[in-house]
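Structural overview
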Amino acid sequence: MRVTIPEISVVIPVYNEEESLPFMFERIFRVLDALENPYEIIFINDGSRDATLPLLLQAWKQRPDVTRVVDFNGNFGQHMAIMAGFEAAKGNIVVTLDADLQNPPEEIPRIIRCVRDGHDVVGTVRRQRRDTFFRMAASRVVNMLTNKITGLSLHDYGCMLRAYRRDIVDIINDSAETATFIPALAQKFATNPAEIDVDHEERKQGRSKYSLLRLFRLNFDLMTGFSMAPLQAVTMIGILISAMSFIFAAYMFIRRLVLGPEAEGVFTLFAVLFLLMGVTVSCIGIEGEYVGRIYQEVRRRPRYVVRKIYGSDDEISGETSQ
Ligand code: UDP
Ligand code: MG
């Protein structure tokens, strides 16, 4: 059925996007058909519970030459879906984007051109971001903090409209991580990365698939996956508190000698105690974030389970991937 090896692979994770998909198909096929090179689109159905899968299969039946659908048997998350897409991708250039059309497909040719100019990873920065004020403010803080903590330098961690060259995709495929953040992983291995400005659209259909809690978890994946700094900060906080306590104790001892016994300041002491308890629990939490992820890795359960790949040359069903 497929005669040419695709030069460009477009990887799109999809989770409950039945409202967006018809518009998505219309725009993405038009953009990619206009490219001169052979391409393939790989949709990953991340355990959707709506009409996403039938819609994807319909697109595959209409354009079997350029479409493949990887169907997960549950919801494994956007980054795992992209990982599965990377494993299936055959192209020399792999482009990722969201299914909700917040990333305009019309930007793809520009990104590809940038890879052709010699960049192995092309990231994007949303020119005029159209999200809620809260998301944008939180993003700004996260971008800044993450760059500080991880030592990476990305201007927009949240924008998934990106392109990766084959050598980078191979390295990502080799790093079998379970809790990861793909743009950061790629940035780690890139030798000549670039960032370009792209348009951003409002989500016109459906709702964001990220609750506040999920965003939090994703950011912890990013922090713990790419930096030990939080652990070192915990040690530093410990040393600082110990030093301050020592000075405080010495001061109290001298007061005891000079002024005799006194019982004032009991409530101040409570306040200090509660503060320190808060610090202690937070520190255990940070350690826990790492320990939990180590546990997740050492169990070596499949990162995701593929029910079936539609349109693959070697039609596999029920395949799992470590
Ligand atoms: N997505 C996914 N699995 C998930 C959550 C999201 O595959 O568990 C997909 C989703 O369908 C979309 C992309 O990841 O294509 C980005 O999700 P969303 O637009 O909800 O995120 P936001 O733009 O709000 O950050
Ligand atoms: Mg979105």
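Scroll up to find the structure this text is about.
The text that follows walks through the structure, step by step, so that each part is easy to find.

Rules used in this analysis
Residues numbered from 1 in each chain as written. Chains lettered and ligands numbered in written order. Predicted model: local features only at pLDDT ≥ 70, side-chain atom pairs only at ≥ 80, totals over all residues. Heavy atoms only, no water. Core = buried A, V, L, I, M, F, W, Y, C linked by side-chain atoms within 4.5 Å. Buried < 20%, exposed > 50% of the residue type's maximum accessible area, 1.4 Å probe, protein only. Helix = DSSP H or I, 4+ residues; strand = E, 2+ residues; numbered from the N terminus. Contact = heavy atoms within 4.5 Å. Near = heavy atom within 4 Å. Polar contact = N/O pair within 3.5 Å; in protein donor to acceptor, adjacent residues only side chain to side chain. Axes fitted to C-alpha atoms, helices over the stretch in contact; angles between N-to-C directions. Parallel < 35°, antiparallel > 145°, perpendicular 65-115°, else oblique. Left-handed = near helix turned anticlockwise from the far one by under 90°. Nonpolar A, V, L, I, M, F, W, Y, C, P; charged D, E, K, R; others polar.

Our next topic: the nonpolar core. Core analysis: the biggest nonpolar cluster contains 41 residues, and Val-10, Ile-12, Ile-28, Ile-41 and Ile-108 have the highest contact counts within it. Broken down by secondary-structure element, the contributors of at least two residues to this core are β1 (8-14), α1 (21-33), β2 (39-45), α2 (52-62), β4 (93-96), α4 (108-116) and β7 (194-198). Among the elements that line this core, the one with the most residues is α1, at seven residues. Setting aside anything within four residues of it in sequence, one finds Ile-41 in contact with Val-10, Ile-12, Ile-28, Phe-29, Leu-32, Val-66, Thr-67 and Arg-68.

If you check the shell around ligand 1, you find 18 residues, and the closest are Asp-46, Asp-100, Ser-208, Lys-209 and Arg-214. Pro-13 places a polar main-chain atom, nitrogen or oxygen, 2.9 Å from an oxygen atom of ligand 1. In the model, an oxygen atom of ligand 1 is placed 2.8 Å from a nitrogen or oxygen of the Ala-99 main chain.

Our next topic: the packing of helix α9 (residues 229-259) against helix α10 (residues 266-299). As a packed pair, α9 and α10 sit with axes 10 Å apart at the nearest point and diverge in direction by 160°. In terms of their interaxial angle, α9 and α10 are classed as roughly antiparallel. As for how α9 packs across α10, the hand of that crossing is left-handed. Counting all contacts with α9, which are made through Pro-230, Leu-231, Val-234, Ile-237, Ile-241 and Phe-248, the residues of α10 involved are Leu-269, Leu-276, Val-279, Cys-283, Ile-286, Glu-287 and Tyr-290. Residues belonging to the contact of α9 with α10 are distributed by class as follows: twelve nonpolar, no polar and one charged.

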